[in-house]
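Examination of the molecular architecture
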Amino acid sequence: MTTQSPILKADDLSKRYEDGVLALDHLNLDVHGGEVYCLLGANGAGKTTTINLFLNFIPPTTGACYISGIDVNKDPLEAKKHVAFVSENVMLYGNFTARQNLDFFAKLGGKPNLTKEQYYQVMRRVSLQEKAFEQRVKNFSKGMRQKLGISIAIIKDAAAILLDEPTSGLDPKAAEEFQEILSELRKEGKAILMSTHDIFRAKDIGDRVGIMKEGRLVMERTREQLQYEDLVKIYIDYMKSEPLTA
Amino acid sequence: MINTIVKKELQENIFSYRFPLFALLCVVLIPLSMFVNNAQYAKHLRDYGEQVRLSEESSSGLKIQDVMAGRVAIKGFRRPALLSIFDQGFENALPRYYQFTQDGYTQGESASGDESLLSTQGKFDFVFLVQMVISLIGLLFASDVISGEKESGTLRAMLSNRLPRDAVLIGKIGGGFASLLAPFLAAFVLGLALLVPSAFPLFAGDTPARLAVLALASAVFILIYYVIGTMISASSAKARTSLVAILLIWSGFQLVIPKLSDMLAALISPVRTETQVSLEKSLVNNTIETETAKELGRQYDLIFGSAKPGAADDPKSPERQKWDPLRDDIQMRARENKAQQIAAIEETYAQQKRRQQNLAVDLSLISPSAAFGRFVADICETGDLARTQYLEAVRSHQKALDNALFGKVKRTLMMHSGGRMSMSFQAEPVDPKNLPKFTVTPASLADTFKENWRSLLALAFWLIAPFVVAYSRFRNYDVR
């Protein structure tokens, strides 16, 4: 069950960098609550730029993006209250334990008074091993870091979650576990925008899948449409097609 | 939110390998420097006490005949500065004593003669540690405060939250600085505690206030370097670039600018050497004395040339009645003339020197290290101010001795026609027990602040300017 108005919305969003490269070209996109939107595309297609624009790490050249109806560029701090972010290589403070990392980011996310048990519950929910809760993160595997990263997103309890290639480099079991967590978050009504190279994962988890090429959203399919189409073939065809700017 | 960042920075630093190393360095080196310099101070103080005692013994047996014979040389010793334990400054470079004679004062040897060549690279004291070691560590700690977090990706994670960048910057500076300050202050307090059993007068006079100012100034100095490091870190995309920039800036501020400023000031505003000035004064002295002796001889010959024998020795003879006031008048005019000319030479020299020193100070204030060094040396009574006070005390003591001792003997040197010389004396009794004692009054804390306004202004500038630059750089910092 998705929300009527989108939680994440890109409105004619473009980004041209100082060196002249057009990284994003008039992107229009929306993600509703209870929906997972997967962005597919080659390196440099504009997936990460889209996420960076939603996080106000860079300003748009034209257009606007909104989180829960708030213009990110006009009121970035207010907009960031409603979004959580998980990057490809979840970066955490290596000398802190899992709980200390969680505590720090929970406080930044506006949850200053959580108990140790509440942190433990979230970490149990993402299937992080109990013995790792009070271990320093610097010795964690990528899968464990990813689980902790999603714990941080869960504990913030934001309406939208941005995931930048979160399953990249994960082993199949860890990726499967990750997918299960995303399904739960979708059920809770979160709007999830995930950039990925993993076509199979996108097809499995995505309610909608978009393919980006050279900064443009060149194709969008719903889960229903993809039941009758071969996403891999579509993707490869787009990648092999002539450059858009040519 | 700032508190959360401060706490995180503190924890992160404390858990890192750098913190225990830094804490160990502080806890070992700072108390050690105090302990070693306290032992040195105690030795100098004993020497001082002994020398003063011997000098007083020698003065108590003084006779007016010795003054008449020009054999009297009274020494005035400078008491070692208590806070030289923390900052040696000019302590060993200043003369241990000045010698006063009826012809003026001359400086005695300094304690620097006992030092090794390596001491020219900086003396191992608290201020040296703050200036050379802790400042560098502060910069290194700050080198990756922004660029390092960008490289590790945690900056993106942080800034994806509702977190203003100014809060991040202030929190990072606050937390990083607190993690430097805590072991530093602990080591300082430990060092003071170790001094107490050796009868260090910790609570005497204004010592507690001076120590508090010293600790505060050192803390501000460390903060300045931490903020400069943060500014560099916020201006670089990579921690390694920050590191190179930091080392260049540190060597410029610590090693190049302070030394270059003295050299540039000497080139721009040259001053004659003290030997040249001394020779000029001697020339004036000799010329006036010779002229006076000639004038006295001529007048004496005119008055007593045709007088009956014994008239010169009879105070009631008409010739003596005429001669005595005339002699006093010639001698007084000569004294005044000499004093005027010598004062003019000294004043010109002092003005030139002041101009050069002011220029050197102004140039050196480009470096926060020089500003800090000058200020804390004055706080510890081993800086420029102590040198000036010492010299003022010497001049004033010479005047006091001239009145109480040397002026009690009036010599009249005459050069008669034909080149014959004669000399006569008039002496008043002298009480050697009541001779003035040589003391140097140290500048008060208020005067020290007043005299150091430029250094304090420079420190304030170096605290605010890098923060403003760091803030503007970090506002537009590319966190991707």
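How each quantity is defined
- Residues numbered from 1 in each chain as written.
- Chains lettered and ligands numbered in written order.
- Predicted model: local features only at pLDDT ≥ 70, side-chain atom pairs only at ≥ 80, totals over all residues.
- Helix = DSSP H or I, 4+ residues; strand = E, 2+ residues; numbered from the N terminus.
- Buried ≥ 20, exposed ≤ 12 C-beta atoms within 10 Å, placed from the backbone.
- Contact = placed C-beta atoms within 7 Å.
- Pairing = 2+ DSSP bridges.
- Axes fitted to C-alpha atoms, helices over the stretch in contact; angles between N-to-C directions.
- Core = buried A, V, L, I, M, F, W, Y, C linked by C-beta atoms within 7 Å.
- Domains from an automatic or database assignment.
- Nonpolar A, V, L, I, M, F, W, Y, C, P; charged D, E, K, R; others polar.
- Parallel < 35°, antiparallel > 145°, perpendicular 65-115°, else oblique.
- Left-handed = near helix turned anticlockwise from the far one by under 90°.

Check the secondary structure of chain A and you find nine helices and ten strands. Projected onto its principal axes, the C-alpha positions of chain A cover 55 × 40 × 40 Å. In chain A, which comprises 246 residues, the share counted as buried stands at 47%.

This part is about the overall build of chain B. The number of helices and strands found in chain B is 15 helices and five strands. If you line up chain B on its principal axes, its C-alpha atoms span 115 × 50 × 35 Å. Counting over 480 residues, chain B shows a buried share of 34%. Within chain B, counting contacts between residues at least 6 apart in sequence, those at least 24 apart form 80% of the total.

Further remarks concern the interface of chain B and chain A. In this complex, chain B contributes 19 residues to the contact, which on the side of chain A involves 21 residues. Only α1 (2-15) and α6 (154-159) of chain B provide two or more residues apiece to the side of chain B that touches chain A. With five residues, α1(B) is the single largest residue contributor to the side of chain B that touches chain A.

Mapped onto the elements, Phe200(A) comes out in helix α7 (residues 199-205). In this structure, the C-alpha to C-alpha distance between Phe200(A) and Glu184(A), residues 16 residues apart in sequence, is 19 Å.

With that settled, the discussion passes to the sheet that holds strand β10 (residues 216-222) of chain A. All names here are of chain A. In spatial order, the strands read β6-β7-β8-β3-β9-β10; together these six strands make up an open sheet with mixed pairing. In this open sheet, the two edge strands, each paired with only one partner strand, are β6 (83-86) and β10. Looking at each pair of strands side by side, their axes are set apart by 20° on average, direction ignored. The pairing of strand β9 (residues 208-213) with β10 spans six bridges and is antiparallel. By the bridge assignment, Val 209 is partnered in β10 with Arg 221. Along the sheet, helix α5 (residues 142-156) makes contact with β6 and β7 (160-164), crossing β6 at roughly 175°.

Here we take up the nonpolar core. Counting 148 residues, the largest nonpolar core has Phe54(A), Leu162(A) and Tyr226(B) as the members making the most contacts within it. Tallying contributions element by element places helix α8 (residues 207-234) of chain B first for this core, with 13 residues. Of all hydrophobic cores here, the second largest spans 13 residues; its members include Phe77(B), Tyr97(B), Val430(B) and Phe438(B).

With that settled, consider the pairing of strand β3 (residues 35-41) of chain A. All names here are of chain A. With seven of its seven residues buried, β3 lies for the most part within the structure. Judged by which residues are buried, β3 turns out to be covered on both faces: Glu 35, Tyr 37, Leu 39 and Gly 41 on one side and Val 36, Cys 38 and Leu 40 on the other are all buried. Where β3 and β9 come together, five bridges link them in parallel fashion. In the sheet register, Leu 40 faces β9, and the bridge partner there is Ile 211.

Right, let's get into the sheet that holds strand β4 (residues 62-67) of chain A. Picture the strands of a sheet paired through backbone hydrogen bonds; they go either parallel or antiparallel. Residues and elements named next belong to chain A. Sheet architecture is open: four strands sit in the order β2-β1-β4-β5, paired in antiparallel fashion. The sheet terminates laterally at β2 (22-32) and β5 (70-71), the two strands that pair on one side only. By the bridge criterion, two bridges tie β4 to β5 in an arrangement that is antiparallel. Paired with Tyr 66 across the bridge in β5 is Asp 71. Lying on the sheet, helix α1 (residues 47-54) is in contact with β1 (6-16), β2 and β4; it crosses β1 at an angle near 115°.

Turning our attention to the domain arrangement of chain A. Residues and elements named next belong to chain A. As assigned here, chain A comprises domain 1 (1-82 + 158-237) and domain 2 (93-157). Using only C-alpha atoms to locate each centre, domain 1 and domain 2 end up separated by 24 Å. Taken residue by residue, the interface counts eleven residues in domain 1 and ten residues in domain 2. Broken down by element, the side of domain 1 that touches domain 2 gets its largest block of residues, four residues, from helix α6 (residues 172-187). Looking at the side of domain 1 that touches domain 2, its residues break down into seven nonpolar, one polar and three charged.

Moving on to the packing of α8(B) against helix α9 (residues 239-268) of chain B. All names here are of chain B. The geometry of α8 relative to α9 is characterised by a closest axis approach of 9 Å and an angle of 140° between their N-to-C directions. As the angle between them shows, α8 and α9 are arranged oblique. Here the hand of the crossing between α8 and α9 comes out right-handed. Residue-level contacts link Ile 228, Gly 229, Ile 232 and Ser 233 of α8 to Ser 242, Ala 245, Ile 246 and Ile 249 of α9. Within the contact of α8 with α9, the residues separate by chemical class into five nonpolar, three polar and no charged.

Attention now moves to the packing of helix α4 (residues 116-125) of chain A against α5(A). Residue and element names in this part refer to chain A. It is at 9 Å that the axes of α4 and α5 come closest, and there the two elements cross at 125°. By the angle between their axes, α4 is oblique relative to α5. For the pair α4 and α5, the crossing hand works out as right-handed. Where α4 abuts α5, its residues Val 122, Met 123 and Arg 125 lie against Ser 151, Ile 154 and Ile 155. Its residues assigned to classes, the contact of α4 with α5 comprises four nonpolar, one polar and one charged.

Residue and element names in this part refer to chain A. With a phi angle near 50°, His 26 is a residue other than glycine that sits in the positive phi range. Tracing the backbone through its elements, the reader meets His 26 in strand β2. A positive phi angle, near 50°, is found at Glu 214, a position not held by glycine. Its location among the elements puts Glu 214 in the loop between β9 and β10. On the basis of neighbour count, Glu 214 is assigned to the partly exposed category, with 18 C-beta atoms found within 10 Å.

So, on to the environment of Phe177(B). Residue and element names in this part refer to chain B. As for its placement among the helices and strands, Phe 177 is situated in helix α7 (residues 165-195). The buried category is assigned to Phe 177, around which 24 C-beta atoms lie within 10 Å. Discounting chain neighbours no more than four positions away, the residues touching Phe 177 are Leu 223 and Tyr 226.

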